[in-house]
Amino acid sequence: MAPPQRKCRSKMFAVSGCMLLLALWYGPVFASVPRERTGHSGHNAGYTSDGKQLPIMVLMPMNETAPMSNIGQGIHPAVMLAIQHINESKLYSFSLIPEIYDTECDNAKGLKAFFDAIYYGPKHLMIFGGVCPSVTSIIAESLEGWNLVQLSFAATTPVLADKKKYPNFFRTVPSDNAVNPAVIKFLKKYEWSRVGTLTQDVQRFSEVRNDLTSKLEKADIRIADTESFSNDPCINVKKLKDNDVRIIIGQFDENLAAKVFCCVYNLNMYGSKYQWVIPGWYQGNWWEQANSTNCTTKKLLTAMEGYISVDFEPLSTKQTRGVSGRTPQEYEAEYNRRRLQKGLESSKFHGFAYDGIWVIAKTLTRVMAILRQKEGHKKIQDYDYTNKELGEIVLDVMNGTNFLGVTGQVMFRNGERMGTIRFNQFQEGQEVKVGEYNAIADILELMNNTIRFQGVEPPKDRTIVQNQRRNINLPLYSILSAITILGMFMAGAFLFFNIKNRNHKLIKMSSPYMNNLIILGGMLSYASIFLFGLDGSFVSDKVFETLCTVRTWILTVGYTTAFGAMFAKTWRVHAIFKNVKMKKKIIKDQKLMIIVGGMLLIDLCILICWQIVDPLKRTVEEYNLEADPQGRDIAIRPFLEHCENANMTIWLGIVYAYKGLLMLFGCFLAWETRNVSIPALNDSKYIGMSVYNVGIMCIIGAAVSFLTRDQPNVQFCIVALVIIFCSTITLCLVFMPKLITMRTNPDAATQNRRLQFTQNQKKDDSKTSTSVTSVNQANTSRLEGLQTDNHRLRMRITELDKDLEEVTMQLQDTPEKTPYIKQNHYQDLNNILGIHNFTDEKDGDKSILKNHHDQKPPAQWGSVDPSKTSTDPTEDINSPEHIQRRLSLQLPILHHAYLPSIGGVDASCSSPTVSPSVSPRHRHVQPSFRVMVSGL
């Protein structure tokens, strides 16, 4: 039967199958096969008779053509130096003999070397070595069947940390996963709670990333993005940037590291905003050997500046003497001296190999002591590969290892070395050590002033978004508040003036109670400005939400109170002077109060429904990110507070519609009463001006306020100025004329400019000026009485016009039958040219108008001589004399009857000789001959 190794070579068996086959084959024959010491090191030493020499199987690549052979060559001086120091210490009763077997970093050759060492070599108590991950994992998986323990000094692959699969495997070098706790400690140091990973799609790096992910989750550090790549990392690097990843933990070899940093340079992912954390086991000046990128060395160095590399510490930095009686620095000097003598390159694992020999020596010493305690007559040489008890004792002793070596404290936790992790930073083209992490004590120590960040502070783990409220500028608020206070003082002064002079004719006739309401409405409008300027920078969110409702109510009620009072006053004037039926009626201030109250009731109904159905709430509108104006590594996200609800447009439409109708109604009343020129009564002109100003300003203010929605200072300024302007103009238009009149000529204010009557021209300069008093309770009846007389006289003039027309038609149609004007028509003419019994209530039925046509009309006015009529009845009626007489009668009649109705002369003009073309406005007529009958 052929040996199993031949079958493994001739047939493509699985490696694990070969191991089991070889184990089954070789296991039973070790007791009968003679032992041949065929160690590749050239040593033929076996056990001495006294057991002073103990062989150790050393597995590592030694052939110069094999991968990672430099590691094996570099650690050989360290191994021999450790054996020398052990022998020199005279604390151990044996001497370790390393039997080196070359695995050539090949799985098949490694297995052959392993089984050749077992079959042909001496009985090895332990296995030292394991450099290539694949070879080491294959051999370590079969150790339990041989009751052997393997101690590696260079295998860092995380796969070997699985104790269920590799229970007999130990290593003095920390695994690649050992850097993860150190990285997490470093992240915690700078309060980075959001990171991203960029991993090369290789098992070694993927396992490290998976372990890191689980540890990050336990540490409550969020992984914002995880990217893996095979060849071109630029797409994945860009995804990290798009996801706003600032702290990137990379897991890739040095060949792809150059590509990564070339992409980093092109995407501008370096500098003060980014921090890269990469493995620290790259060869020196690795970037110079990368020729697979389009970036120059200068660009790579620019992108690499400041990165942090993490790797295990090859030698302790402590100046403490360890188990060998030497400090790490003294050992390193001896190692370099021996290495240089043989012309070998240094290996970063030489310190772990040195401590590994000491681990074996101390373990075997402890095992021998245990065996003596259990079975004093039985020695360690009496055990073979089938002795499971010896294997368990070695495992227990290995797990309890604890001493100070040149690499630091040497101890194992589940077969894993709890070592020291070093942090380096790339600064100005070279790596500088900036700190280290002690895994045993779980302490991170950073050297003072050695780590340099590109900015003034460590980079942020994300784009720090600082919410910044767009608030009302305090100086602007102060200025507008001061102007508002001045306006309120002005309104207070008007209120004082109105109350103080409320019994004066001028103020009393202008309804002082309504004036008070106008002032109150203006002051409420002023007060709303203070509330519009209060935002979240002055008050809390809850108070701001309350102010949303309060300021809306105040402004709405103030507007309705002010303009409602003005419109009510104007309506009263309109109702009196446009009274068609001429019925006597009294409109008291109480009725106007009811009108204003009704307007306010409508406002309250709208506001209450608004508040109950869809109340105003505080909403926050966020805007796009902006760069920090101070250059800090933060982004500014402006936000603005609004008072809104779900159906804001509908409610505003209802309010605007109601207020618009109110303004249109006010404009209508102002237009209808525009000709009423009693200053104390008529505010229509000022109301029209106020409505015009308010309307224009509100339209402009609403449009500008909507366009400047995202600019609170501009919006507040516009709203405040509109309210100040409208309120101030309204109050000034209403009260300034009264104030001026009171100071200049208070009596003239109550004079009726168009209703001035005189009792008699004989009374020298004694004029009784009657004025239509206010429409208050005392004087309303007198005003309505004058209107009634005026209407009656108009009706009388109309009747006389009809009679005159009949007379004229008779003269034209039957001249031969009516040659003369009847005598009774003179009486009608007298009624046209004179007005009798016009009385004034104030004078107690005293006649103030007198008929100025008491005498007969002159002959030239068309009177007929009776004598001529009787003496010559047959005289031709169409004779020139008769025609002249008829014209002399008809023309004055037509002149007096029709021209006043079309704006010619007054109906009271008594002289028919005055030319009709002369305007009564430009000719002087004595007051006794003028009577105003056309209305107020």
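These figures come from a predicted structure and were not determined experimentally.

Trainee: Quick question: what am I supposed to make of empty space enclosed by the protein here?
Mentor: In this approach the atoms are scanned with a rolling probe the size of a water molecule, which exposes any empty space left behind. Applying the stated criterion to the full structure yields 15 cavities of 30 Å³ or more. Here the largest cavity defines a volume of roughly 140 Å³. Lining the largest cavity we find 18 residues, and of these Asp 176, Val 179, Gln 251, Pro 279 and Val 310 sit closest to its centre. When contributions to the lining of the largest cavity are tallied by element, the ones reaching two or more residues are helix H7 (179–189), helix H8 (203–218), strand S8 (247–251), strand S9 (275–279) and strand S10 (308–312).

Trainee: When you look at the packing of aromatic side chains in this model, what are you seeing that I'm missing?
Mentor: Think of a pair of aromatic rings as described by two things: how far the centres are apart, and how the planes are tilted against each other in angle. On inspection of all chains with the given rule, the structure shows 35 aromatic pairs. Judged by centre distance (5.2 Å) and plane angle (90°), the rings of Trp 281 and Tyr 282 are edge-to-face. According to the relative accessible area criterion, Tyr 282 is buried, its value standing at 11%. Summarising the aromatic geometry, the rings of Tyr 477 and Phe 538 are spaced 5.6 Å apart at their centres and angled 35° between planes, so their arrangement reads as tilted. Here the residue Tyr 477 occupies a position in helix H15 (residues 474–500), and Phe 538 occupies one in the loop between helix H17 (512–532) and helix H18 (541–577), the gap between them amounting to 61 residues.

Trainee: Would you explain the packing of H17 against helix H22 (residues 712–744) in this entry?
Mentor: Geometry of a packed helix pair, given as the angle between the helix axes and the separation of the axes. Axis separation between H17 and H22 bottoms out at 10 Å; the angle between their running directions is 165°. Our classification of the angle between H17 and H22 gives roughly antiparallel. In the crossing of H17 with H22, the sense of the turn from one axis to the other is left-handed. Residues Asn 515, Ile 518, Ile 519, Gly 522, Ser 525, Tyr 526, Ser 528, Ile 529 and Phe 532 of H17 touch H22, and the partners they reach there are Phe 716, Ala 720, Ile 723, Ile 724, Ser 727, Thr 728, Leu 731, Val 734, Phe 735 and Lys 738. Tallied by class, residues from the contact of H17 with H22 come to 12 nonpolar, 6 polar and 1 charged.

Trainee: I'm lost on the sheet that holds strand S5 (residues 169–171) in this one. Help?
Mentor: By way of backbone hydrogen bonds, the strands of a sheet pair with one another, either parallel or antiparallel. With parallel pairing, 5 strands are arranged side by side in an open sheet as S2-S1-S3-S4-S5. Taken across any chain shown, the strands that pair with only one partner, and hence form the sheet edges, are strand S2 (95–102) and S5. Direction aside, the axes of adjacent strands within the sheet are offset by 30° on average. Pairing geometry for strand S1 (residues 53–60) and strand S3 (residues 127–129), over 3 bridges, is parallel. Bridge assignment links Val 58 to a residue of S3, and that residue is Phe 128.

Trainee: I would appreciate a short explanation of the pairing of S8 in the present structure.
Mentor: Within a regular beta strand, the side chains point alternately toward one face of the sheet and then the other, so they alternate between its two faces. The buried fraction of S8 amounts to 5 of the 5 residues, a majority that puts the element mostly inside the structure. Covered by surrounding structure in S8 are Ile 247, Ile 249 and Gln 251 together with Ile 248 and Gly 250, the residues of both alternating faces. Two strands pair when backbone bridges link them, and S8 and S9 are joined in this way by 3 bridges, in the parallel orientation. Bridge pairing links Ile 248 to Trp 276 in S9. A crossover connection joins S8 to the parallel S9 through helix H10 (residues 254–266); in handedness this β-α-β unit is right-handed.

Trainee: So what exactly am I meant to see when it comes to the sheet that holds S9 here?
Mentor: Spatial strand order, S7-S6-S8-S9-S10-S14-S15-S16: 8 strands in an open sheet with mixed pairing. Each having just a single partner strand, strand S7 (222–229) and strand S16 (443–446) make up the two edges of the open sheet. Strand after strand, the sheet turns through a mean of 25° between neighbouring axes, direction not considered. In this structure, S9 lies alongside S10, joined through 3 bridges in parallel fashion. For Ile 278, the partnering residue across the bridge sits in S10 and is Ser 309. The strands touched by H10 are strand S6 (194–200), S7 and S9; relative to S9, the strand with the most contacts, the crossing angle is about 175°.

Reading the values: rules and limits
- Residues numbered from 1 in each chain as written.
- Predicted model: local features only at pLDDT ≥ 70, side-chain atom pairs only at ≥ 80, totals over all residues.
- Heavy atoms only, no water.
- 1 Å grid on protein atoms, 1.4 Å probe; cavity = no way out; pocket = protein on both sides within 12 Å on 5 of 7 lines; lining within 4 Å.
- Points joined across faces, edges and corners; volume = space filled by probe spheres on them.
- Helix = DSSP H or I, 4+ residues; strand = E, 2+ residues; numbered from the N terminus.
- Phe/Tyr/Trp six-rings, centres within 6.5 Å; stacked < 30°, edge-to-face > 60°.
- Buried < 20%, exposed > 50% of the residue type's maximum accessible area, 1.4 Å probe, protein only.
- Axes fitted to C-alpha atoms, helices over the stretch in contact; angles between N-to-C directions.
- Parallel < 35°, antiparallel > 145°, perpendicular 65-115°, else oblique.
- Left-handed = near helix turned anticlockwise from the far one by under 90°.
- Contact = heavy atoms within 4.5 Å.
- Nonpolar A, V, L, I, M, F, W, Y, C, P; charged D, E, K, R; others polar.
- Pairing = 2+ DSSP bridges.
- Right-handed = clockwise from strand over helix to strand, strands pointing away.

In short, shape yes, function no, at least from these values alone.
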